[in-house]
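The chain contents come next:
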Amino acid sequence: LPAALSYVAGSATNGGSYNSATRTLSWDGVEVPSGGSVSRQFRVTPATAVSSNQVVVNTATIAVNGRTIERRSPPLILTPSAPPLVERVFGPFQ
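Residues numbered from 1 in each chain as written. Predicted model: local features only at pLDDT ≥ 70, side-chain atom pairs only at ≥ 80, totals over all residues. Heavy atoms only, no water.

Residues and numbers for the packing of aromatic side chains, please.
Per the counting criterion, the structure on display carries one aromatic pair. On the basis of an interplanar angle of 25° and a centroid distance of 4.5 Å, the ring pair of Tyr7 and Tyr18 is categorised as stacked. Here Tyr7 is found in strand β1 (residues 5-7), whereas its partner Tyr18 is found in strand β2 (residues 17-19), with eleven residues between them in sequence. You can call Tyr7 buried: its relative accessible area is 16%. Here Tyr18 falls in the partly exposed class, since its relative accessible area comes to 25%. (Phe/Tyr/Trp six-rings, centres within 6.5 Å; stacked < 30°, edge-to-face > 60°. Helix = DSSP H or I, 4+ residues; strand = E, 2+ residues; numbered from the N terminus. Buried < 20%, exposed > 50% of the residue type's maximum accessible area, 1.4 Å probe, protein only.)

Written out as structure tokens, the structure is:
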């Protein structure tokens, strides 16, 4: 996770786990059907009070059979007036 965000404990869907030391979320054993897709979700809050607009981009790393693919999220803009809880949906991954 980007430093500007804090993970909301227990919010990762479908058995996702969060490692606070590396600031990463992981989902193991995810099967994507041929021609299909999957999405994974979690919740974050701003890590500190937001006093001016901040742009945050998260990166998903997908590792399959020794091959690694990175996908960046659409930009998330944190504003002083934004709600304190934000849900991010990553996917669908094909």
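Having put the structure on the table, let's press on.
Give me the lowdown on the nonpolar core, citing residues and values where you can.
When a protein is soluble and globular, its nonpolar side chains tend to lie buried together. Within the largest apolar cluster, eleven residues are counted, these being Leu1, Leu5, Tyr7, Ala12, Leu25, Phe42, Val44, Val50, Val56, Leu76 and Leu78. The set of elements that each furnish at least two residues to this core consists of β1, β4 (38-46) and β8 (76-78). For Leu5, the contacting residues outside a window of four places in its chain are Arg23, Val44, Thr45, Ala47, Val56, Leu76 and Leu78. (Core = buried A, V, L, I, M, F, W, Y, C linked by side-chain atoms within 4.5 Å. Contact = heavy atoms within 4.5 Å.)

Can you break down the environment of Ser73 residue by residue, with the values?
Assignment of secondary structure puts Ser73 in the loop between β7 (67-72) and β8. Measuring from C-alpha to C-alpha, the distance between Ser73 and Val56 comes to 9.0 Å, with 17 residues separating the pair along the chain.

Give me the confidence of the model for the chain: which residues, what numbers.
When pLDDT is averaged along the chain, the result is 82, and 86% of the positions lie at 70 or above. Across the chain, the secondary-structure element scoring lowest on mean pLDDT is strand β9 (residues 86-93), at 54, and the one scoring highest is β2, at 95. (pLDDT = per-residue confidence, 0-100.)

Give me the environment of Phe42: which residues, what numbers.
Mapped onto the secondary structure, Phe42 falls in strand β4. The exposure class of Phe42 is buried, given its relative accessible area of 4%. As for Phe42 and Ser17, which are separated by 25 residues in sequence, their C-alpha atoms are 9.9 Å apart.

Summarise unusual backbone geometry; cite the residues concerned and give the values.
Unlike most non-glycine residues, Asn14 shows phi in positive territory, near 55°. Relative to the assigned elements, Asn14 resides in the loop between β1 and β2. Residue classification places Asn14 among the exposed residues on the basis of a relative accessible area of 57%. With a phi close to 60°, Arg23 is a non-glycine residue in the positive phi region. Classification of Arg23 by relative accessible area gives partly exposed; the value is 28%.

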